[in-house]
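# Descriptive analysis of the structure
Here is what each chain is made of, one letter per residue.
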Amino acid sequence: MADEGGGGEDNNDNMGNHLQLLPGNEEEEEEEDDMETEDRDSDEAEKPNIITFDPSLPTSHAYLGSDMEEFHGRTVHDDDSCQTIPVLPHTAVMLVPGQTLPLQLFRPQEVSMMRSVMKKDRTFAVLAHSDAGEPQAEFGTTAEIYAYREEQEYGIETVKVKAVGRQRFKVHEIRTQADGIRQAKVQILPERILPDPLSAVQLAPLSRLHTTPSSKLRAQSCKQAQRWLNQQRKFRCASLTPWPPWVYSLYDSESLMNRVKKQLHEWDENLKDDSLPTNAVDFSYRVAACLPIDDALRLQLLKIGSAIQRLRCELDIMDRCTSLCCKQCQDTEITTKNEIFSLSLYGPMAAYVNPHGYVHETLTVYKANNLNLVGRPSTLHSWFPGYAWTIAQCRTCGSHMGWKFTATKKDLSPPRFWGLTRSAMLPRIPQGEESEEGDTGSRLFCL
């Protein structure tokens, strides 16, 4: 699966790269591939009761090849330390710590940079450019390579990479070397671990006051009973303060994580809590990578240095953003929050790369509206093995929105779904919740 590019005036902004890579296509076939039809299957789309697709397949990125050299270990820089790291050029991805980044690199400068990185600590910098179009990025995330392969395709040296986001940083200076590779002097940003909001009033004698669980709780597992007891004890000390317990729950990491998990379960009924990080910092980044928000909002989340505040903002976004519209025309609703679901262990949205090297963060939904389909279904380079993809464009403005995926086997469920690229979507808030200042004020959320 691929698209020709990340924007511009090229109308072939799609995943049909095989038309250029494979020789011998006739003119009649090219005309069929450019044919545009209205997508009517979305009206009949329903959420299936059972998903038979293996969610581990997308996370393997098998389309990059199975013989990549894998690396273990982890490079972690000291908090607040200054580091000089090579910058990945020509990327439109705003990487979040913990997020997987697949890459296919062809340009000689990129290949040379990756070879140099592999000889050192396998770490490079991904700058965070927002939609505002600022001249130079001020923040970013380090990425560490954990799988690597070099090969030649059609006489062109190619590097295929799987990397994962590690640490946030603030850019101090960027210099360009004689070979064209940019080096960034960055400061590693720490994660501020806030203390328990009631730690100042948790007196030692109170620890001896234990509440006995009811007979109903005794019949449940020890783990559930312990969780119930912890919740009962946690905010008991609030009676010693002027504030009620619910005020402290707004700044309690466990309470915030449980509220976010409840929202995630609405997206994916089969989601298991064991598959989610237990650490509040890692959990907040996992959620940030799954939210279908634009770069401006993601940059705001990236700037936040506390997991608790990050979780509060993510809850605000999840509660208030009910639908997604086309970013280009800003008035065409494409899907709603209720149609989002997970088809990958990463969650409802993950990053994938096409044969042209363009990375798309793709959101999976059961139903999408106001789309036209371009060309014929194809299984080449499919990010979801067993599904054929068809290019989908906005019916109003013709912008590339993503792809429709259709199962190639009858026993595969869901039989169809839509993958929407994050760069083409804009979260929309119902007009009843907009502030008097307009959209700009309403999209600030609690940031």
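Residues numbered from 1 in each chain as written. Predicted model: local features only at pLDDT ≥ 70, side-chain atom pairs only at ≥ 80, totals over all residues. Heavy atoms only, no water.

### Concerning the overall build of the protein
Scanning the protein from N- to C-terminus turns up twelve helices and 17 strands. Looking at the 447 residues of the protein, the share that counts as buried comes to 49%. Here the contacts in the protein between residues at least 6 apart in sequence split such that 65% fall between residues at least 24 apart. Of the roughly 22,400 Å² of accessible surface on the protein, a fraction of 48% belongs to carbon and sulfur atoms. (Helix = DSSP H or I, 4+ residues; strand = E, 2+ residues; numbered from the N terminus. Buried < 20%, exposed > 50% of the residue type's maximum accessible area, 1.4 Å probe, protein only. Contact = heavy atoms within 4.5 Å. Areas by Shrake-Rupley, 256 points an atom, 1.4 Å probe, with all protein chains shown as cover.)

### Quick notes on the confidence of the model for the protein
In the predicted model, the protein carries a mean pLDDT of 81, and 77% of its residues have values of at least 70. Contacts from residues 16-31, a stretch scored under 50 in pLDDT, to residues over four places away or in other chains number 23 contacts. (pLDDT = per-residue confidence, 0-100.)

### Describing helix α11 (residues 307-320)
Between the first and last C-alpha of α11 there are 20 Å, a value that for 14 residues agrees with the 20 Å anticipated at 1.5 Å per step. Among the 14 residues of α11, eleven are classified as buried, and the element is accordingly described as predominantly covered. Turning to α11, its buried residues are A307, I308, R310, L311, C313, E314, L315, D316, I317, M318 and R320. The distance from a side-chain oxygen at the start of α11 to the backbone nitrogen of I308 is 3.4 Å, and the residue carrying that oxygen is S306. (Expected span 1.5 Å × (residues − 1). Polar contact = N/O pair within 3.5 Å; in protein donor to acceptor, adjacent residues only side chain to side chain.)

### Topic: unusual backbone geometry
The peptide bond linking S413 to P414 adopts the cis configuration, its omega dihedral lying at 5 degrees. Within the fold, P414 resides in the loop between β15 (400-407) and β16 (416-421). The backbone of Q330 sits at a positive phi, close to 60 degrees, despite the residue not being glycine. Within the secondary structure layout, Q330 lies in the loop between β9 (323-326) and β10 (333-336). For Q330, a relative accessible area of 51% gives the class exposed.

### Things to note about the sheet that holds strand β13 (residues 371-378)
Strand order in the open sheet formed by seven strands is β1-β13-β14-β15-β16-β12-β11, and the pairing between neighbours is antiparallel. The sheet is open, and its two edges are formed by β1 (36-38) and β11 (349-353), each paired on a single side. Sheet twist, expressed as the mean angle between neighbouring strand axes with direction ignored, is 35 degrees. Two strands pair when backbone bridges link them, and strand β14 (residues 387-394) and β15 are joined in this way by seven bridges, in the antiparallel orientation. Bridge pairing in β15 places Q393 opposite H400. (Pairing = 2+ DSSP bridges. Axes fitted to C-alpha atoms, helices over the stretch in contact; angles between N-to-C directions.)

### Re the sheet that holds β9
What holds strands together in a sheet is hydrogen bonding between their backbones, with the strands either parallel or antiparallel. Taken in spatial order, the three strands make up an open sheet running β10-β9-β17, and their pairing is antiparallel. The open sheet has two edge strands with one neighbour each: β10 and β17 (425-428). Going across the sheet, the axis of each strand differs from the next one's by a mean of 30 degrees, ignoring polarity. As judged from the four bridges shared by β9 and β17, these two strands associate in the antiparallel manner. When the sheet's bridge partners are listed, L324 is paired in β17 with P427.

### Concerning the pattern of salt bridges
Evaluated as defined, the whole model comprises 16 salt bridges. For the salt bridge of R166 with E144, the shortest nitrogen-to-oxygen distance reads 2.8 Å. Here the residue R166 occupies a position in strand β7 (residues 156-176), and E144 occupies one in strand β6 (residues 139-153), the gap between them amounting to 22 residues. Here R166 matches E144 in class, with each residue buried. Measuring nitrogen to oxygen at the nearest pair gives 3.1 Å for the salt bridge that ties E333 to R428. Taken together, the residues span a long stretch of sequence, with E333 in strand β10 and R428 in strand β17 at a distance of 95 residues. For R428, a relative accessible area of 25% corresponds to the partly exposed category. Each of D67, R149, E151 and K160 takes part in a single network of salt bridges with overlapping partners. (Salt bridge = Lys/Arg side-chain N within 4 Å of Asp/Glu carboxyl O.)

### Comments concerning helix α9 (residues 280-290)
Two residues of an α-helix separated by three or four positions point the same way, owing to the 3.6 residues in each turn. Counting buried positions along α9 gives nine out of eleven residues, so the element sits mostly inside the fold. Where α9 is buried, its residues contact β7, α8 (253-267), α10 (295-303), α11 and β11.

### Observations concerning the packing of aromatic side chains
Per the counting criterion, the structure on display carries eleven aromatic pairs. With 5.6 Å between their ring centres and 70 degrees between their planes, F53 and Y387 make a pair best called edge-to-face. Taken together, the residues span a long stretch of sequence, with F53 in the loop between β1 and α3 (56-60) and Y387 in strand β14 at a distance of 334 residues. Each member of the pair, F53 together with Y387, is buried. Through successive ring pairs, a cluster of aromatic residues spans F53, F341, Y352, Y366, W383, F384, Y387, W403, F405 and F417. (Phe/Tyr/Trp six-rings, centres within 6.5 Å; stacked < 30°, edge-to-face > 60°.)

### Side note on the pairing of β15
For β15, the buried fraction is high: seven of the eight residues fall into the buried class. Taking the residues between adjacent antiparallel strands as the criterion, β14 and β15 are bridged by five residues, where G398 takes a positive phi near 80 degrees. Of the pairings in the sheet, the one linking β15 to β16 comprises five bridges and is antiparallel in character. Each residue of the ladder has a partner; that of G402, found in β16, is L420.

### Observations regarding the packing of α9 against α11
It is at 9 Å that the axes of α9 and α11 come closest, and there the two elements cross at 30 degrees. The angle between α9 and α11 falls in the class roughly parallel. For the element pair α9 and α11, the recorded crossing hand is left-handed. Counted together, A280, V281, F283, S284, Y285, V287 and A288 of α9 and A307, R310, L311, E314 and M318 of α11 form the full contact between these two elements. Tallied by class, the residues present in the contact of α9 with α11 amount to nine nonpolar, one polar and two charged. (Parallel < 35°, antiparallel > 145°, perpendicular 65-115°, else oblique. Left-handed = near helix turned anticlockwise from the far one by under 90°. Nonpolar A, V, L, I, M, F, W, Y, C, P; charged D, E, K, R; others polar.)

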